[in-house]
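Remarks on the overall topology
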Amino acid sequence: MTTPKHQQVRSRNEKFAEKTATRIWSEQATEDNPYIAESALCHGYDLFELVDQCSFVQVLYLLYRGELPSKDQEKLLESLMI
């Protein structure tokens with residue numbers, strides 16, 4: 001089965017988009033594949049450590065405030081989410 005000419009993908013040899021830089025997220029690509037992250041940081045915290053050691057509420061707070069919540073802040077946010 002052949003693809004019609006108007007649907008064929010063509011390369012423009014142009015950048016699709018500029019790389020976005022934020023203070024929230026930082027990724028380091030692997031040497032052999034730029035689409036696979038070797039490390040990922042969320043506000044300076046390692047993503048894999050966050051997944052293993054933090055609750056959803058803690059990570060949500062981190063995304064909005066840039067720091068992990070205190071125990072009281074975490075308890076309040078958990079209560080509000082219910």
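Below is a summary of the structure that appears in this document. Everything quoted here is computed from the prediction, not taken from an experiment. (Residues numbered from 1 in each chain as written. Predicted model: local features only at pLDDT ≥ 70, side-chain atom pairs only at ≥ 80, totals over all residues. Heavy atoms only, no water.)

**Some words on the sheet that holds strand β3 (residues 45–46)**
Threshold: A pair of strands is labelled paired if DSSP reports no fewer than 2 bridges between them. The way it works is that DSSP assigns letters per residue, a run of H or I at least four long becomes a helix, a run of E at least two long becomes a strand, and they are numbered from the N terminus.
Read from one edge of the open sheet, 3 strands run β1-β2-β3, paired in antiparallel fashion. The sheet is open, and its two borders are formed by β1 (25–29) and β3, each paired with just one other strand.

**Considering the side chain of glutamine 58**
Heads up, the rule is: In this scheme, a residue with accessible area under 20% of its type's maximum is buried, one over 50% is exposed, and one in between is partly exposed, where area comes from a 1.4 Å probe on protein chains only. We call two N or O atoms a polar contact when they sit within 3.5 Å, provided that within protein one can donate a hydrogen and the other can accept it, with sequence-adjacent residues counted only if both atoms are side-chain atoms. Only heavy atoms enter the contact rule, under which two residues are in contact if any of them lie within 4.5 Å.
Looking at the element boundaries, glutamine 58 is found in helix α2 (residues 56–65). Taking relative accessible area as the criterion, glutamine 58 reaches 14% and is therefore assigned buried. For glutamine 58, the side chain forms a polar contact with the main-chain nitrogen of serine 55, separated by 2.7 Å. Sequence-distant contacts of glutamine 58, that is, excluding residues within four places in its chain, are made with Gln53, Leu68, Pro69 and Glu74.

**With respect to α2**
Using the following cut-off: This arc is taken over the directions from the axis of the helix to the C-beta atoms.
By the burial criterion, the buried members of α2 are Val57, Gln58, Tyr61 and Leu62. Looking straight down α2, one finds its buried side chains confined to an arc of 140°; they lie on one side. Residues Phe56 and Tyr64 are exposed on α2 and point more than 90 degrees away from its buried face. In this structure, the buried residues of α2 make contact with β2 (37–42), β3, α1 (47–53) and α3 (71–81). Immediately beyond the C-terminal end of α2, within one or two residues, lies glycine 66, with a positive phi of roughly 85°.

**Looking at the packing of α2 against α3**
Definition in use: Structural elements are reduced to axes, namely lines fitted to C-alpha atoms, with helices fitted over the stretch in contact, and the angle between N-to-C directions of any two is expressed from 0 to 180 degrees. Throughout this description, any angle smaller than 35 degrees is read as roughly parallel, any larger than 145 degrees as roughly antiparallel, any in the 65 to 115 degree range as roughly perpendicular, and the remainder as oblique. Each residue gets one label: Ala, Val, Leu, Ile, Met, Phe, Trp, Tyr, Cys and Pro are nonpolar, Asp, Glu, Lys and Arg are charged, and the others, such as Gly, are polar.
Where α2 meets α3, the closest approach of the two axes is 10 Å, and the angle between their N-to-C directions is 105°. With respect to each other, α2 and α3 are oriented roughly perpendicular. Residue-level contacts link Phe56, Val57, Gln58, Leu60 and Tyr61 of α2 to Gln73, Glu74, Leu77, Glu78 and Met81 of α3. By residue class, the composition of the contact of α2 with α3 is 6 nonpolar, 2 polar and 2 charged.

**Brief notes about the layout of surface pockets**
For clarity, the cut-off: Cavity and pocket criteria rest on a 1 Å grid covering protein atoms alone: a 1.4 Å probe that fits but cannot get out defines a cavity, protein on both sides within 12 Å along at least 5 of 7 lines defines an open pocket, and an atom within 4 Å of a point defines a lining residue. Grid points are joined across faces, edges and corners, and a volume is the space filled by probe spheres set on the points.
One number sums up the size of the largest pocket: a volume of about 310 Å³. In terms of lining, the largest pocket is formed by Lys19, Thr20, Ala21, Thr22, Trp25, Ser26, Glu27, Gln28, Ala29, Pro34, Ile36 and Ala37. If one sorts the elements of the lining of the largest pocket by residue count, β1 sits on top with 5 residues. Across the lining of the largest pocket, the residue classes tally to 6 nonpolar, 4 polar and 2 charged.

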